[in-house]
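Descriptive structure summary
Residues per chain are reported as follows:
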Amino acid sequence: ASEEEALYETVCEVFQVLIKHLGPDSLQLQASLTQIVFSLLSLAKTHPGKVAPTLNLLLVQNRKRLERHIDKIPLPHGEHLDHPSLADVKKVLLRSSQVASLHDVVERSLHGLRCADDRVPEVALLELRGTLQMQQVAIEDSFRGGVESAGNIRDLTTLVSQLMGMCGHGAGYSMSNRHLASECLGIFGAIDPGRMGQFVRQEHSIGDKSDDELAIELITDYL
């Protein structure tokens, strides 16, 4: 057990040295921020006290300088975030998850879905599913030609294309993530089946024909 504790402590120290060396203005750190946060949070499940100083350095002390990038991090769920030493970290992540517009929802979701770390798309999909359910009025307004609807339609088209691409056999995503993606597509379809059909028929490079057929089948099954 002592060797394991020492290993966790060493990992956290390495992350701290890396963060301090790169600094918040580093493009490398900014590009890898989501993956770094998720790696540290995975350690926090068993050793929150050891991870807390590094997460506080990264997210709390550098909140203002990294705000634009922190705001794109999907909100992970878990009791480990309730540890007293992570209270300020949780506040930062909760604040960043409270997006105000449909555009912010799409931008945040796309960032999470495109992350190379397998843990991130799942969290992004879970968050997106809940957000879409709460944002149905805004989506309906966009479909009807409401305020800023043209920009929102472009955003939604990009998001739907990404979700459909995730449903394909050759996309490389887990079955659970493919199912979550189909649920999100189902929410879009339930709001406006006609508009969903337009999205499906648009020419986007989202996979071969069999993948497209699978995506349509998943949407239909959900509805």
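Residue positions are given per chain, counted from 1 along the sequence in the order it is written. Thresholds applied to this predicted model are a pLDDT of at least 70 for local features of residues and 80 or more for the giving and counting of side-chain atom pairs; totals over whole chains, interfaces and linings are not thresholded and use all residues. Calculated side-chain values reflect all of the structure's heavy atoms, with hydrogen atoms and water omitted.

**Some thoughts on the overall build of the chain**
- Strands here are runs of E lasting at least two residues and helices are runs of H or I lasting at least four, both read from the DSSP assignment and numbered beginning at the N terminus. Secondary structure summary: the chain contains 12 helices and 0 strands in total.
- Moving toward the C terminus, one meets the helices and strands of the chain in the order α-α-α-α-α-α-α-α-α-α-α-α.
- Partly exposed residues are those whose accessible area sits between 20% and 50% of the maximum for their type, while under 20% is buried and over 50% is exposed, using a 1.4 Å probe and protein chains only. In the chain, which comprises 223 residues, the proportion classed as buried is 48%.
- A sequence separation of at least 24 residues applies to 71% of the contacts in the chain between residues at least 6 apart.
- Computed with a 1.4 Å probe, the accessible areas rest on the Shrake-Rupley method; for each residue, only the protein chains presented here act as cover. Summed over its atoms, the accessible surface of the chain is roughly 11600 Å², and 51% of this surface lies on carbon and sulfur atoms. Contacts were defined at the residue level, with two residues in contact if any of their heavy atoms lie within 4.5 Å.

**Examining the nonpolar core**
- If you look at the biggest cluster of nonpolar residues, it comprises 31 residues, and the most contacted ones within it are Leu-55, Leu-58, Leu-59 and Leu-93.
- Sorting the residues of this core by element identifies helix H1 (2–22), helix H2 (27–44), helix H3 (48–61), helix H5 (87–97) and helix H7 (119–134) as the ones contributing at least two each.
- Ranked by residues supplied to this core, first place goes to H2 with 9 residues.
- Residue contacts for Leu-55: discarding those within four places in its chain leaves Val-37, Leu-40, Leu-41, Val-60, Leu-86 and Val-89.
- Counting residues in hydrophobic clusters, the runner-up holds 24 residues, among them Val-105, Leu-125, Ile-139 and Ala-181. Only buried residues count toward a nonpolar core, which is a set of Ala, Val, Leu, Ile, Met, Phe, Trp, Tyr and Cys residues joined through side-chain atoms within 4.5 Å.

**A closer look at the confidence of the model for the chain**
- Predictor confidence is given residue by residue as pLDDT, running from a minimum of 0 to a maximum of 100. Confidence in the prediction of the chain, expressed as mean pLDDT, is 79, and 76% of residues score 70 or more.
- Across the chain, H3 holds the top mean pLDDT of 92, while helix H12 (residues 209–222) sits lowest at 50.
- Long-range and interchain partners of residues 203–209, a stretch whose pLDDT sits below 50, account for 7 contacts in this model, where long-range means more than four residues apart.

**Focus on H7**
- Expected helix span is given by 1.5 Å per residue-to-residue step, counting one fewer step than there are residues. Its 16 residues place the ends of H7 24 Å apart at the C-alpha level, agreeing with the 22 Å of an ideal helix rising 1.5 Å per residue.
- What H7 keeps buried is the set Val-120, Pro-121, Val-123, Ala-124, Leu-125, Glu-127, Leu-128, Thr-131 and Leu-132.

**A short note on the environment of Ser-85**
- Here Ser-85 is to be found in the loop between helix H4 (67–70) and H5.
- Residues Ser-85 and Pro-53, 32 residues apart in the sequence, show an inter-C-alpha distance of 8.2 Å.
- Beyond its immediate sequence surroundings of up to four residues, Ser-85 is in contact with Pro-48, Gly-49, Ala-52 and Asn-56.
- Within the local environment of Ser-85, its side chain forms a polar contact with the side chain of His-83, the two groups lying 2.6 Å apart. Polar contacts here mean pairs of N or O atoms no more than 3.5 Å apart (in protein, one a potential hydrogen donor and the other a potential acceptor; neighbouring residues in sequence count only if both atoms are side-chain atoms).

**Things to note about the environment of Ala-181**
- Note that Ala-181 resides in helix H10 (residues 175–191).
- Ala-181 gets classed as buried once you look at its relative accessible area, which sits at 0%.
- Residues Ala-181 and Leu-113, 68 residues apart in the sequence, show an inter-C-alpha distance of 9.8 Å.
- With sequence-adjacent residues up to four places away left out, Ala-181 is seen in contact with Leu-125, Leu-163, Met-166 and Cys-167.

**Here we look at the packing of H2 against H7**
- Each axis is a line fitted through C-alpha atoms, taken for helices only over the stretch in contact, and angles between the N-to-C directions span 0 to 180 degrees. With their axes 10 Å apart at the nearest point, H2 and H7 run at an angle of 95° to one another. Judged on the interaxial angle alone, H7 and H2 are roughly perpendicular. In this structure, H2 uses Thr-34, Phe-38, Ser-39 and Ser-42 to contact H7, whose residues at the interface are Arg-119, Val-120 and Val-123.
- Of the residues contributing to the contact of H2 with H7, the split by class is 3 nonpolar, 3 polar and 1 charged. Oblique is the label for any angle not covered by the other classes, which are roughly parallel (under 35 degrees), roughly antiparallel (over 145) and roughly perpendicular (65 to 115). Residue polarity follows a fixed list, in which Ala, Val, Leu, Ile, Met, Phe, Trp, Tyr, Cys and Pro are nonpolar, Asp, Glu, Lys and Arg are charged, and the others, Gly among them, are polar.

**Notes on the layout of surface pockets**
- Using protein atoms alone on a 1 Å grid, points that fit a 1.4 Å probe yet trap it form a cavity, whereas open point sets bounded by protein on both sides within 12 Å along at least five of seven lines form a pocket; residues with an atom within 4 Å of a point count as lining. Grid points are joined across faces, edges and corners, and a volume is the space filled by probe spheres set on the points. In this structure, the largest pocket encloses a volume near 260 Å³.
- The wall of the largest pocket is formed by Phe-38, Leu-41, Ser-42, Lys-45, Leu-75, Pro-76, His-77, His-80, Arg-119, Glu-122, Val-123 and Leu-126.
- At 4 residues, the largest contribution of residues to the lining of the largest pocket is made by H7.
- Residues belonging to the lining of the largest pocket are distributed by class as follows: 6 nonpolar, 3 polar and 3 charged.

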